[in-house]
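Observations on the three-dimensional arrangement
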Amino acid sequence: MFEHKKATHKTHAGYYNIKKLVYFEEHQWIQEAIRREKTIKKWKREWKINIITENNPEWKDLSDGWDLSKFETNKE
């Protein structure tokens, strides 16, 4: 999320202004999570919108309030 929030226009997240987390799933095993992500990526856009709206009707940023400061680096 830190990388999305700080993304510049040169990145995919920055170019498409992907800065909100509106849906996520938790899985016990990384292989399970990767398999699920690949499945969802193949879905029609309408299906993706439906699952988001079903779980987060107002499309609120679920990462609001997360402390992402520990990911910040001083690269100046």
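Scroll up a little and you will see the structure.
Residues numbered from 1 in each chain as written. Predicted model: local features only at pLDDT ≥ 70, side-chain atom pairs only at ≥ 80, totals over all residues. Heavy atoms only, no water.

Further remarks concern the pattern of salt bridges. Throughout the structure, instances matching the rule amount to three salt bridges. Notably, a salt bridge pairs Arg36 with Glu25, separated by 2.9 Å at the nearest N-O pair. Of this pair, Arg36 sits in helix 3 (residues 30-42) while Glu25 sits in the loop between helix 2 (12-15) and helix 3; the two residues are eleven residues apart in sequence, bridging distant segments of the chain. For Arg36, a relative accessible area of 27% corresponds to the partly exposed category. Between Lys41 and Glu37 there is a salt bridge; the shortest N-O distance is 3.7 Å. One end of the pair is Lys41 and the other is Glu37, both in helix 3 and four residues apart, which spans about a single turn. Using a relative accessible area of 59% as the deciding quantity, one classes Lys41 as exposed. We classify Glu37 as partly exposed; its relative accessible area is 45%. (Salt bridge = Lys/Arg side-chain N within 4 Å of Asp/Glu carboxyl O. Helix = DSSP H or I, 4+ residues; strand = E, 2+ residues; numbered from the N terminus. Buried < 20%, exposed > 50% of the residue type's maximum accessible area, 1.4 Å probe, protein only.)

Moving on: the packing of aromatic side chains. A complete count under the given rule lists two aromatic pairs for this structure. When the ring of Phe24 is compared with that of Trp66, the centres are 6.4 Å apart and the planes differ by 75°; the resulting orientation is edge-to-face. Remark: Trp66 occurs in the segment after helix 4 (45-55) and Phe24 occurs in the loop between helix 2 and helix 3; sequence separation between them is 42 residues. Note on Trp66: relative accessible area 42%, which makes it partly exposed. Their ring planes at 75° and their centres at 6.3 Å tell us that Trp43 and Trp47 sit as a pair that is edge-to-face. We classify Trp47 as partly exposed; its relative accessible area is 43%. (Phe/Tyr/Trp six-rings, centres within 6.5 Å; stacked < 30°, edge-to-face > 60°.)

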